[in-house]
Each structure stands twice: as C-alpha cells, then as structure tokens.
Amino acid sequence: KMERHEDSVHSFERALAIKKTSLDDDDEDFGVLMHFIGNSLFALKKYINALSYFEDSTERKKMHYGINDEEYAMAVVDKAATYVKLGDETRAMESYHDAIESGGLPSDSWELGIAHKYLGGFFFNKNMFDASFESYNVAIRIFEWCIDNGQVSTLKYDDIVQCYTHLLELEDDRSGPISESRGTICYKLANCYVEVNRHEDAVLMYREAIMIQSQIFGADHLSVANSLHNLGNCYRDVGDFDKSADCLSKSLSLSTAAFGDDHEDVADTCHCLAVTMTSRCELDDAIPLFERALAVRRKKLVGQDTNIASSLYNLAVVFQMKGQWNNAMRYCKEALKIQRLSLGDDNPVTSRTLECIGNIHKDRRDFENALDCFSSCVSHGNFKLQREIAVIYQFRGEQEKANEMFFKATLHAWEQLGFPKSKEDPRKEMESMDITLMLDKRKEATDDKDML
C-alpha cells in the first residue's frame, strides 16, 4: 500500500517460504500470496517474473474457488494486463475474454470495464468494427457507473477517453459526421478531457458537439445550452474570459427561456458566469449574478447544501475585493457554518473559506483574529498559509517568530517542489544551492500546469 514493492516482494516471499514448511502444497493461501507477489513485481516492471506468479496463482485459485469466483477472475485480469505489457496481444485478448466469460467479475467493477475496453481495441485493430463498437460501449457504461458512484479517482478517466476516441472513429462509418450519437460522444469526450486537464482538446470537442446539436435540434435546444455552459467553464479554465462570458451568457439565455428564472440549472449558469465576471474584475456585474444564483439555491436546495455555501463564499470574495468587509464577513461566516456541517473542518473547501475570513481580518488590521484563522488552517494541512502568518508577525514587529515561520513556509515549498533536503539542517542545503537554476531545470522536466 505504501508502494515499497521491493520490500513487499521480500516479505511476501518470506511468508511463502514459512507457509511451505507447515501447509500442504495445495493450500489456498499460496494462490493468494503468489497473486500479491505478482502485483508487486508488475509494479516494479518485472513483467516476466510477475507473469510466472500470476499463472501459478490463477491455476491455484481456479482449483480452490472455481472459475465463477471473483478471486480467480481478478487473477486472470492481472495476467492479461501482464501479457499486454509483454506485447503478447493474442494471449492478452484470450485472458480478458476468459475473465469476462467466467462471470467472476462483478458487473459494476472497473476491471470488467478494462476487459471490455481491451477487447474493443483488439477487435478495432482486426477491423472487426461492430464487435469493437459493442465492446467499447459496454466498457463506457461500466466506467461511467463506477465514476457516478464514486468508486474511482479522476486519474482513471484516461480509460474512458480511449474508448470515446475510438468510438468517434467508428461513428463516422456507422452514422456519418452529423448524427445525434456523434454529438453525444463529442460532448461526453469533452467532459472527460476536462477531468484529465486536457482543456484545449475539450474546447474542440465541445465546439463540434454544439455544431452537431445545433444542426440536428436547432440552436435554441437545451443540449446546446448544456454544451455552451461547459464550454464557457472550459474557456475560463484556460484563461480566455471573454469567450467564457460569451458562451455562459448564451447558455443562460437558453436555459432561462426553457425553464424560467426559478430553476437549478439557471442558478448554476448564473453562478459560473459570475465567477467569470469576477475573473475579469467586473465585480458589479458579478454580484447580482451570484445573488440570483444564491436566491434560487436557497429556495430549491436543502439548507446545508454545499452549492449554497459556494455562492455565499464567492459573494464574500467579491465583497472583499471591493473593500466591503462587513458584507464579506457575513457571507463567509454563513458559508463556513454550512461547510463545517457538510464537509468537516479538514476539507480543503472549508479551509479556503476560513482563509478568506483570515484575509478579511488582515485587511482590517485585526491581526490577532487573522492569526487564529490562519493557524487553524495550517493545523488542518494548509501549510501555504505559514507565509501569511510570518507576514503578520512582521507587521507586529515579532521578527524572530516571523523568521521561523518564513523558514517553515520555505521548507514546505522546497519539499513540494521535490528538492532534496539535509537530514540535519535543511537551511544549509538550501543556502548552498542555486534555486533559480533548479527551478529552470525542473520546468524543463514538467509541463506548464505542473510548474504552475
């Protein structure tokens, strides 16, 4: 679990050796241990060794549990993944097929989706397009169910992106470039691109979806409104605030015409448009939009809903930017109350609101209360605020405390950037190195988003 796979292989092999002295050779523990060793060897990219353990584990689990058991099916899936890494496409396909046919994988398991995705790719490469289309669609249904029910992290959206990308190619031959199904695929693929931070690709897909939806349903259809809404948010994420405002304004007009003013979708678009207006520093335009969204959300949602807290927080930020600290504090405190009840004190969203309250206190030169807020945030893991605490100590003339806190802030940034530190006194390590040169080298090795 700690990804110390060399150590785990050593410990599992010791366990295996000990069990061999006291258990019969066909004991079920051996199959389980061999599967564990295979997983760690796979993580270490020792695929040939891993395959040997997976094959042994598979046969033992088949004997003990039968082919309809999940333990057996999971071992077959891991064996198939190893064949993929070794470039043995045929055996990988056969193993994934065996895992599906065994019935051992739960119908809502990510691994079952992976098996269908691989079969879809195999059939695609063999020009068996109907079979490929069917396998990819099954995989997507499983993946989306898992994500909707919170079973996986966003990192696994890459699997869905691969499925949708191939489905787009298949859809051209099945329905042509303008079809309802192609528009849906473009829209869903764009959503997945957003999840994996491929915003430029998402923009292209949203624009194609809007073009198709407009031709099939008309420019005032709700599907167009939904795509415009997401495209507007995507443009904001890449810093194109003018296009973001344009898309969100059009989406707001369409959704308001369809639902009226008193609808959650209208409130969502109002909120997003207000966020864009805030990014453009058009604060007087942002406030009524946030207030409109808040009024609908108070009416339609339960009192402790986090969407209500989000509107309250964003209103507080705008009022703080305008220097209206009383209004900012009032909205922040109400948002914080909801977030503490709904999310807990350790949640980053809650910490962000408490940080905002601290900043309002700091703007008012109420340093004692600002320190309390920032210190609470740090205690819940927001170490970036150590710098703000140091600044307040400077304002108060407590230079020794300020220096110590500046050092802690620098050390945290140093560790976050992955730079080495001395085991004795990290300050000596920092002072002896050219930070600018190290940052330049790190930038060469990472993409722009990681550096930011």
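Residues numbered from 1 in each chain as written. Predicted model: local features only at pLDDT ≥ 70, side-chain atom pairs only at ≥ 80, totals over all residues. Heavy atoms only, no water.

Regarding the side chain of Asn-314
Then step 1. Within the fold, Asn-314 resides in helix α15 (residues 306-321).
Then step 2. Look at Asn-314 and you get buried, because its relative accessible area is 17%.
Then step 3. Apart from residues lying up to four places away in sequence, Asn-314 is in contact with His-271, Val-275 and Phe-290. (Helix = DSSP H or I, 4+ residues; strand = E, 2+ residues; numbered from the N terminus. Buried < 20%, exposed > 50% of the residue type's maximum accessible area, 1.4 Å probe, protein only. Contact = heavy atoms within 4.5 Å.)

Digging into the pattern of salt bridges
Then step 1. One pass over the full model with this rule turns up 27 salt bridges.
Then step 2. Note that Arg-340 and Asp-345 form a salt bridge whose closest N and O atoms lie 2.9 Å from each other.
Then step 3. Relative accessible area serves as the criterion here: at 36%, Asp-345 is assigned to the partly exposed category.
Then step 4. In this structure, Arg-387 engages Glu-388 in a salt bridge whose closest nitrogen and oxygen atoms are separated by 3.5 Å.
Then step 5. Take Glu-388: its relative accessible area is 17%, and that puts it in the buried class.
Then step 6. Salt bridges sharing common partners tie together Glu-368, Arg-396, Glu-398 and Lys-401. (Salt bridge = Lys/Arg side-chain N within 4 Å of Asp/Glu carboxyl O.)

Details of a nonpolar patch on the surface
Then step 1. There is a patch of nonpolar side chains on the surface, built from Ile-178, Met-211, Ile-216 and Phe-217 and spanning about 300 Å² of accessible area.
Then step 2. Looking at where Phe-217 falls in the secondary structure, it is placed in helix α10 (residues 199-217).
Then step 3. Taking the relative accessible area as the measure of exposure, Phe-217 reaches 33% and is therefore partly exposed. (Patch = residues over 30% accessible without salt bridge, like charges linked within 9 Å, V, L, I, M, F, W, Y side chains within 5 Å. Areas by Shrake-Rupley, 256 points an atom, 1.4 Å probe, with all protein chains shown as cover.)

Thoughts on the packing of α15 against helix α17 (residues 348-363)
Then step 1. α17 packs onto α15 with a crossing angle of 20° between their chain directions and a minimal axis gap of 11 Å. Taken together, the axes of α15 and α17 are roughly parallel relative to one another. In the crossing of α15 with α17, the sense of the turn from one axis to the other is left-handed. Packed against α15, whose contacting residues are Tyr-313, Val-317 and Gln-320, the element α17 presents Arg-352, Thr-353, Cys-356, Asn-359, Ile-360 and Asp-363 at the interface.
Then step 2. Partitioned by chemical class, the residues of the contact of α15 with α17 number four nonpolar, three polar and two charged. (Axes fitted to C-alpha atoms, helices over the stretch in contact; angles between N-to-C directions. Parallel < 35°, antiparallel > 145°, perpendicular 65-115°, else oblique. Left-handed = near helix turned anticlockwise from the far one by under 90°. Nonpolar A, V, L, I, M, F, W, Y, C, P; charged D, E, K, R; others polar.)

A closer look at the environment of Gly-120
Then step 1. Its location among the elements puts Gly-120 in helix α6 (residues 110-125).
Then step 2. On a C-alpha basis, the gap between Gly-120 and Leu-252 in space is 39 Å, while along the polypeptide they are 132 residues apart.
Then step 3. Residue contacts for Gly-120: discarding those within four places in its chain leaves Ser-132, Ser-135 and Tyr-136.

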